[in-house]
Amino acid sequence: LFKGNAWSQGMFHDWTQYTGYAAGSFIVKGWCTMYLLAILDSMLKNVGEACTVLVTYFMVVFHPSFTDVYENETFIALLIVFLAVVAYLVSKDIVKKAEMYDKQQAAKAGRA
């Protein structure tokens, strides 16, 4: 059934230091995400995720160990996604106020 050497050498035998870093970062990200899900509402979590996408993009572009170059189109696309999430979050209160105003106007029109 299983023909590899994992049983004799151990599951983590071929892992390098960077594999450990990647696994550790995913574990920390998972814990932070679960904490944010428990504490914040879903929209604030989406803002946090959008921020991490922007930070990851800048890290990949400007960190000397990566070879990617800055692309204005990619940055603008990421920024549009981030701003769309923020705009939706900000507009929630405005939409609620507009709904309350509409209900008040409908109640006044019903009395007249």
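Notes on the structure follow. (Residues numbered from 1 in each chain as written. Predicted model: local features only at pLDDT ≥ 70, side-chain atom pairs only at ≥ 80, totals over all residues. Heavy atoms only, no water.)

On to the packing of aromatic side chains, then. As enumerated under the stated definition, the model contains seven aromatic pairs in all. Their ring planes at 45 degrees and their centres at 6.1 Å tell us that Tyr-70 and Phe-75 sit as a pair that is tilted. The class of Tyr-70 is partly exposed, set by a relative accessible area of 38%. Counting every residue linked through ring pairs, the aromatic cluster contains Tyr-57, Phe-58, Phe-62, Tyr-70 and Phe-75. (Phe/Tyr/Trp six-rings, centres within 6.5 Å; stacked < 30°, edge-to-face > 60°. Buried < 20%, exposed > 50% of the residue type's maximum accessible area, 1.4 Å probe, protein only.)

This paragraph deals with the state of the cysteines. For the structure shown, the criterion picks out zero disulfides. Cysteine Cys-51 shares no disulfide, and the gap to the nearest cysteine sulfur, in Cys-32, comes to 14 Å. (Disulfide = S-S within 2.5 Å.)

Another aspect to go through is the environment of Val-69. Secondary-structure assignment places Val-69 in the loop between helix H3 (42-62) and helix H4 (72-111). When the C-alpha atoms of Val-69 and Asn-5 are compared, they prove to be 40 Å apart, with 64 residues separating the residues in sequence. Val-69 has contacts with Tyr-57 and Val-61, leaving out every residue within four places of it along the chain. (Helix = DSSP H or I, 4+ residues; strand = E, 2+ residues; numbered from the N terminus. Contact = heavy atoms within 4.5 Å.)

Each α-helix winds once per 3.6 residues, and so residues spaced three or four apart point in a common direction. The terminal C-alpha atoms of H4 lie 57 Å apart, and with 40 residues this matches the ideal 58 Å at 1.5 Å per residue to within 8%. At Ser-91, H4 is deflected by roughly 35 degrees, the largest bend along its length. Where H4 is buried, its residues touch H3. (Expected span 1.5 Å × (residues − 1). Bend = angle between axes of the 7 residues up to and from the residue.)

Moving on, we come to the nonpolar core. In this structure, Met-43, Val-47, Ala-50, Leu-54, Tyr-57, Val-61, Phe-75, Phe-82 and Val-85 together form the largest nonpolar core, which totals nine residues. Elements with a minimum of two residues in this core: H3 and H4. Among the elements that take part in this core, H3 stands out by supplying six residues, more than any other. For Tyr-57, the contacting residues outside a window of four places in its chain are Val-69, Tyr-70, Glu-71, Thr-74, Phe-75 and Leu-78. (Core = buried A, V, L, I, M, F, W, Y, C linked by side-chain atoms within 4.5 Å.)

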